[in-house]
Amino acid sequence: MFMLLAMLVCAVVLTSCEKDELDIRQNYPFKVQVMPVPKEVSNGQTVEIRITVQRSGNFSDAKYFIRYFQFDGQGALRYYSEPPYIPNDVYLLPQTQFTLYYTSQATVSQSFDIWISDNFGNEKQLSFQFNSRD
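None of these values were measured; they are calculated from a predicted model. (Residues numbered from 1 in each chain as written. Predicted model: local features only at pLDDT ≥ 70, side-chain atom pairs only at ≥ 80, totals over all residues. Heavy atoms only, no water.)

Trainee: Could you give me a rundown of the side chain of Ser 117, with the residues and numbers involved?
Mentor: Looking at the secondary structure, you find Ser 117 in strand E8 (residues 110–118). Overall, Ser 117 belongs to the buried group, its relative accessible area being 17%. With near-sequence residues (within four places) excluded, Ser 117 lies in contact with Phe 30, Lys 63, Tyr 64, Phe 65, Asn 122 and Glu 123. (Helix = DSSP H or I, 4+ residues; strand = E, 2+ residues; numbered from the N terminus. Buried < 20%, exposed > 50% of the residue type's maximum accessible area, 1.4 Å probe, protein only. Contact = heavy atoms within 4.5 Å.)

Trainee: Hey, could you go over the environment of Asp 61 for me, with residue numbers and the actual values?
Mentor: By the secondary structure assignment, Asp 61 is in the loop between strand E3 (46–55) and strand E4 (64–72). Taking the C-alpha atoms as reference points, Asp 61 and Asn 119, 58 residues apart in sequence, are found 8.9 Å from one another.

Trainee: How would you sum up the sheet that holds strand E6 (residues 91–93)? Please name residues and give values.
Mentor: Taken together, five strands build an open sheet; the order of strands is E2-E9-E8-E4-E6 and the sheet is mixed. Both outer strands of the open sheet, strand E2 (40–41) and E6, are each paired with one neighbouring strand and no more. With eight bridges joining them, E4 and E8 adopt antiparallel strand pairing. Note on E8: the bridge partner recorded for Gln 70 is Phe 112. (Pairing = 2+ DSSP bridges.)

Trainee: Quick rundown of a nonpolar patch on the surface? Include the residues and the values.
Mentor: A cluster of nonpolar side chains, Leu 5, Leu 8, Val 9 and Val 12, forms an exposed patch at the surface whose accessible area comes to about 370 Å². When you line up the elements, Leu 5 lands in helix H1 (residues 2–16). (Patch = residues over 30% accessible without salt bridge, like charges linked within 9 Å, V, L, I, M, F, W, Y side chains within 5 Å. Areas by Shrake-Rupley, 256 points an atom, 1.4 Å probe, with all protein chains shown as cover. Salt bridge = Lys/Arg side-chain N within 4 Å of Asp/Glu carboxyl O.)

Trainee: Before we move on, could you go through the packing of aromatic side chains and cite the residues and values that matter?
Mentor: For the coordinates displayed, the defined rule picks out 10 aromatic pairs. On the basis of an interplanar angle of 40° and a centroid distance of 6.1 Å, the ring pair of Phe 112 and Phe 130 is categorised as tilted. With a gap of 18 residues between them, Phe 112 in strand E8 and Phe 130 in strand E9 (residues 123–132) connect regions that are remote in the sequence. Side by side, Phe 112 and Phe 130 carry an identical accessibility label, which is buried. Taken together through their ring pairs, the aromatic side chains of Tyr 68, Tyr 102, Phe 112, Phe 128 and Phe 130 make up a single cluster. (Phe/Tyr/Trp six-rings, centres within 6.5 Å; stacked < 30°, edge-to-face > 60°.)

Trainee: Account for unusual backbone geometry, naming residues and giving values.
Mentor: The backbone phi angle of Tyr 80 is positive, close to 45°, even though this residue is not glycine. Relative to the elements of secondary structure, Tyr 80 occurs in the loop between strand E5 (75–79) and E6. Tyr 80 gets classed as partly exposed once you look at its relative accessible area, which sits at 31%. Unusually for a residue other than glycine, Asn 88 sits at a positive phi of about 70°. Here Asn 88 is to be found in the loop between E5 and E6.

Trainee: Which residues make up the nonpolar core, and what values go with them?
Mentor: Membership of the largest hydrophobic core comes to 23 residues, with the highest contact counts inside it found for Ile 49, Leu 77, Phe 98, Leu 100, Phe 112, Ile 114 and Ile 116. At the level of secondary structure, the elements contributing two or more residues to this core comprise E3, E4, E5, strand E7 (97–104), E8 and E9. Sequence-distant contacts of Leu 100, that is, excluding residues within four places in its chain, are made with Val 47, Glu 48, Ile 49, Ile 51, Ile 66, Leu 77, Arg 78, Tyr 79, Tyr 85 and Ile 114. (Core = buried A, V, L, I, M, F, W, Y, C linked by side-chain atoms within 4.5 Å.)

Trainee: An account of the environment of Thr 107 is requested, with residue identities and associated values reported.
Mentor: Looking at the element boundaries, Thr 107 is found in the loop between E7 and E8. For the pair Thr 107 and Asn 131, spaced 24 residues apart in sequence, the C-alpha to C-alpha distance is 8.9 Å. When residues no more than four places from it in sequence are discounted, the contact partners of Thr 107 are Asn 43, Ser 132 and Asp 134.

Structure (structure tokens):
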């Protein structure tokens, strides 16, 4: 009986260490939090959009990207004092908490979407619509 129990323990120990590599998790989903923005904007007015990427885990090599597309009206979206983004181009986000600035260039309502993604294929879409104050 003792010999059978010893063989069973050895079999469990030897088969449980079968993997040669560690199972390290790198892909963590994220949420995006946006502070409230005005509903109306005038031609030439700049609106501040404060965004925070909230990660569910921390992987040091995670990178976040942004792109946007404006489908109604006209305006310019930029990151701090950087040049305005080109629609549908992908830009690296150096921080997970940042401010975007949208400057209206129209006297009609304006709508655009922002996509924030990571290097693992996770993506979140944010939609913005501003009515014209003019």
